[in-house]
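Listed below, chain by chain, are the residues.
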Number of protein chains: 2
Amino acid sequence: MSRPRDTTIDERALAATLELLEEVGFEATTMQAVSARADVHASALYRRWPSRVALVEDALSPTVAIASFEPTGDLTRDLRRFLRAYAATWGSPAARAAMPGLLAHYQSTGAVRSEEEWLPISARPQFLDILRAAPEGAVDPAVDPDDVFDVLLGAVMARSLVPTVVERDRPLERTLELVLRMLAPRPATAARTDRRPADADHA
Amino acid sequence: MSRPRDTTIDERALAATLELLEEVGFEATTMQAVSARADVHASALYRRWPSRVALVEDALSPTVAIASFEPTGDLTRDLRRFLRAYAATWGSPAARAAMPGLLAHYQSTGAVRSEEEWLPISARPQFLDILRAAPEGAVDPAVDPDDVFDVLLGAVMARSLVPTVVERDRPLERTLELVLRMLAPRPATAARTDRRPADADHA
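Residues numbered from 1 in each chain as written. Chains lettered and ligands numbered in written order. Predicted model: local features only at pLDDT ≥ 70, side-chain atom pairs only at ≥ 80, totals over all residues. Heavy atoms only, no water.

(A) Quick look at the interface of chain B and chain A. Chain B puts 54 residues into the contact, and the matching count from chain A is 55 residues. Both faces considered, chain B and chain A share a buried interface measuring about 4,700 Å² in area, 58% of it formed by carbon and sulfur atoms. Counting the contacts that link chain B with chain A gives 12 salt bridges. A salt bridge links R168 of chain B to D144 of chain A; the shortest N-O distance between them is 3.6 Å. Summed over the shared surface of chain B and chain A, the number is 14 residue pairs in polar contact (both at pLDDT 80 or more). Listed by contribution, the elements that provide at least two residues to the side of chain B that touches chain A are α6 (75–91), α7 (93–109), α10 (145–161), α11 (163–168) and α12 (172–183) of chain B. Looking at the side of chain B that touches chain A, its residues break down into 27 nonpolar, 5 polar and 22 charged. (Contact = heavy atoms within 4.5 Å. Buried area = accessible area lost by both parts, 1.4 Å probe. Salt bridge = Lys/Arg side-chain N within 4 Å of Asp/Glu carboxyl O. Polar contact = N/O pair within 3.5 Å; in protein donor to acceptor, adjacent residues only side chain to side chain. Helix = DSSP H or I, 4+ residues; strand = E, 2+ residues; numbered from the N terminus. Nonpolar A, V, L, I, M, F, W, Y, C, P; charged D, E, K, R; others polar.)

Structure (structure tokens):
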């Protein structure tokens, strides 16, 4: 009679990873340390995650609050809810402890992956869904939503990791307002007129 | 007769630091390694920089292009020039190699410093100067310029360090456009009306 498959292994390993990140930092959160803390054999960890980076990424991936996000069509309200969940993910002690180490890893390895390989640890799809659900005219079609997401991602990262921004500790609502400004349609005569002085020749 | 003070020490140490960051990474760029590469005694380094973090920060501080920045008053042109110089600073191989390590250091030490202590390594003053030099009406007084700088800082950091953003490799002009959108005055009836549904009660 074979032992029933232990379905709590994933859960225990991911919880142990978050605890260790917070307590001992990224470098010391090794597969061995997770194995000991979760009481899961290292071989069982490696069957599920090819590397500790994969395990850490999985432990930090967007929370259920983001993954199960259903836009209501109210752009401001949806973005506020999204931004809160996203900032909470980035701002957790485990994420703050892990992100510089992950960034160093990506930097030193080149970390080339396909778009699909990044998706499980990105909140980009949920952000794009919110914009798609917004009423006609609420988002300027001249703006690339992916560009806005890149800026939003950087803004949330800076709020968690860059000391001068962390110390300012501005309400998340200020970031939301700036995101809405990036998306808002602009009157035809708005401030783009001085963008390319050379265009004056064609006027 | 005393030896004349060697005025090239700073220069050699800073250049050696940038080379080492690029070649061997942040962790291996120690005071000892810089001392050997620059042929400067370690004690001479410690007289100038209290720690290797201070030395690395100094080597990476905003380039001359940013530090000597003189706004012309043309907001778009000034911001474009600023953004190019700032992104070049962040995007250099040495900066890409060092930033995750510096962020990890700030994270693990708490890194509490006064605003003044951060200024030498920040481009914030130059950004604020540009907005101050812009013509009346070009920047929405309802927007906090420091908030916009925080978002811009995050956007530039993401362009250099976050693989999904690095791989998209979007023209810097797209970031400039989004920064201009954040700053632009909005017509009175713009998309802020749905910001606080509760306000409807007072209408």
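(B) Spotlight on the confidence of the model for chain A. A residue-level look at chain A finds 88% of positions with pLDDT of 70 or above and a mean pLDDT of 86. Model confidence for the complex: the whole-complex pTM is 0.85, and ipTM, which rates the interface, is 0.85. (pLDDT = per-residue confidence, 0-100.)

(C) The environment of P185 of chain B, seen in detail. Here P185 of chain B lies in the segment after α12. Once you skip the residues sitting within four places of it in the chain, P185 of chain B turns out to touch G137, A138, V139 and D140 of chain B.

(D) Expanded view of the environment of R170 of chain B. Note on placement: R170 of chain B falls in the loop between α11 and α12. Along the chain, R170 of chain B and R48 of chain B lie 122 residues apart, while their C-alpha atoms are 39 Å from each other. When near neighbours in sequence (up to four residues on either side) are disregarded, R170 of chain B contacts D144 and D147 of chain A together with R159 of chain B.

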